[in-house]
Every structure is written in C-alpha cells, then in structure tokens.
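Coordinate inspection notes
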Amino acid sequence: MKELYTTTMINNGGRNGKSYAEDQSLSLNIAPPGSKLADVTNPEQLFAAGYSACFNSALDLIKRQKKIQGASTIKATVKLIEQAAFDYVLAVDIEGHIEGLSIEEAQQLLEITHTVCPYSKATMGNINVTIKAV
C-alpha cells in the first residue's frame, strides 16, 4: 500500500463555527443546514462536494480504461435523516450523465465506478447510496 495524500481539517464550534485546513489553505464558516446566512456551508454540502468530485474522478478512470471520450457530470445529493430522537444518518443519491452514452450504458459505468470510488468504498454498507444514470 502507498499513501498518496494526507490532509487535515480542524473545526471549532461544530455546526455553528469554523472549519479550516491545518496548512491554512482553506477556511469555511459552518452553519446548520437551512441557515439563511451568507458565506457559510454545512457538513452535508462539504460531503456532497467531496463525493461528487471523487466519484467523477473515479468515473474518468473507468472511461479512460474503456476508451470512452464523453464528458461526465455527477450530482451527489446528501440527505441528513433523523431516524428517531437523537439518531441521525446520512443517505446519498448520485445521478450521473455521460455524453454520448445511452442511459443503460451510463448506468453500467456508474455501477462500476461505485466499486472503485474511495467515497463509495468508505460508505458501502454504512449508509444508503443510490446510483442513477440520467
């Protein structure tokens, strides 16, 4: 095994605070989901951004392997779900489009990508993730 990259983020104040990179390359104001404040984000948005970028990069790898040229777009929708009082889980819906492929062909590639993407591997068996070509 070869470690390719390591990063650290630090949070003060939880969902009413600030998250920042240890190397000071990124600093974000954090607020609860649904906050109407300017220039803030929340953990679910950050997870969706990371998952969609990682999934699309893994898809690019699969497309190169299969010599597919079409551009792809991945939309990750992260849901914060309250199962019961003080019992919260996440769920993710991933929608993907690959130019020049049918829905069926794109669905096949997305399913393969789901077995390759590090975010998918991390969530497998832990949260509900749906994959759908559009």
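Attention in this report is confined to the structure presented alongside it. Since we're looking at a predicted model, the values are computed, not measured.

1. Some words on the sheet that holds strand 4 (residues 72-84)
The mixed open sheet is built from three strands, whose spatial order is 4-5-6. The sheet terminates laterally at strand 4 and strand 6 (128-133), the two strands that pair on one side only. Taken over all neighbouring pairs, the strand axes of this sheet differ in orientation by 15° on average, direction set aside. The pairing of strand 4 with strand 5 (residues 87-98) spans twelve bridges and is classified as antiparallel. What sits directly across from Ala 84, in strand 5, is Asp 87. Sheet contacts for helix 1 (residues 43-65): strand 4, strand 5 and strand 6; angle to strand 4, the most-contacted strand, approximately 140°. Where helix 2 (residues 103-116) meets the sheet, its contacts fall on strand 4, strand 5 and strand 6, and the angle it forms with strand 6 comes to roughly 150°.

2. Brief notes about the environment of Glu 22
Along the chain, Glu 22 falls in the loop between strand 2 (18-21) and strand 3 (27-29). Separated by 14 residues in the primary sequence, Glu 22 and Thr 8 place their C-alpha atoms 5.7 Å from one another.

3. Description of unusual backbone geometry
The backbone of Lys 67 shows a phi angle near 55°, a positive value even though the residue is not glycine. Assignment of secondary structure puts Lys 67 in the loop between helix 1 and strand 4. Take Lys 67: its relative accessible area is 71%, and that puts it in the exposed class. Look at Phe 86: it is not a glycine, yet its phi comes out positive at around 60°.

4. Focus: the nonpolar core
In terms of nonpolar packing, the biggest core is built from 20 residues, with Tyr 51, Phe 55, Ile 94 and Leu 110 touching the most fellow members. Counting residues per element, the ones that place at least two in this core are helix 1, strand 4, strand 5, helix 2 and strand 6. If you tally residues by element for this core, the top one is helix 1, at seven residues. Not counting residues within four places of it along the chain, the set of residues in contact with Phe 55 comprises Ile 74, Ile 94, Leu 110, Thr 113, His 114, Cys 117, Ser 120 and Ile 131.

About the cut-offs
Residues numbered from 1 in each chain as written. Predicted model: local features only at pLDDT ≥ 70, side-chain atom pairs only at ≥ 80, totals over all residues. Heavy atoms only, no water. Pairing = 2+ DSSP bridges. Helix = DSSP H or I, 4+ residues; strand = E, 2+ residues; numbered from the N terminus. Axes fitted to C-alpha atoms, helices over the stretch in contact; angles between N-to-C directions. Contact = heavy atoms within 4.5 Å. Buried < 20%, exposed > 50% of the residue type's maximum accessible area, 1.4 Å probe, protein only. Core = buried A, V, L, I, M, F, W, Y, C linked by side-chain atoms within 4.5 Å.

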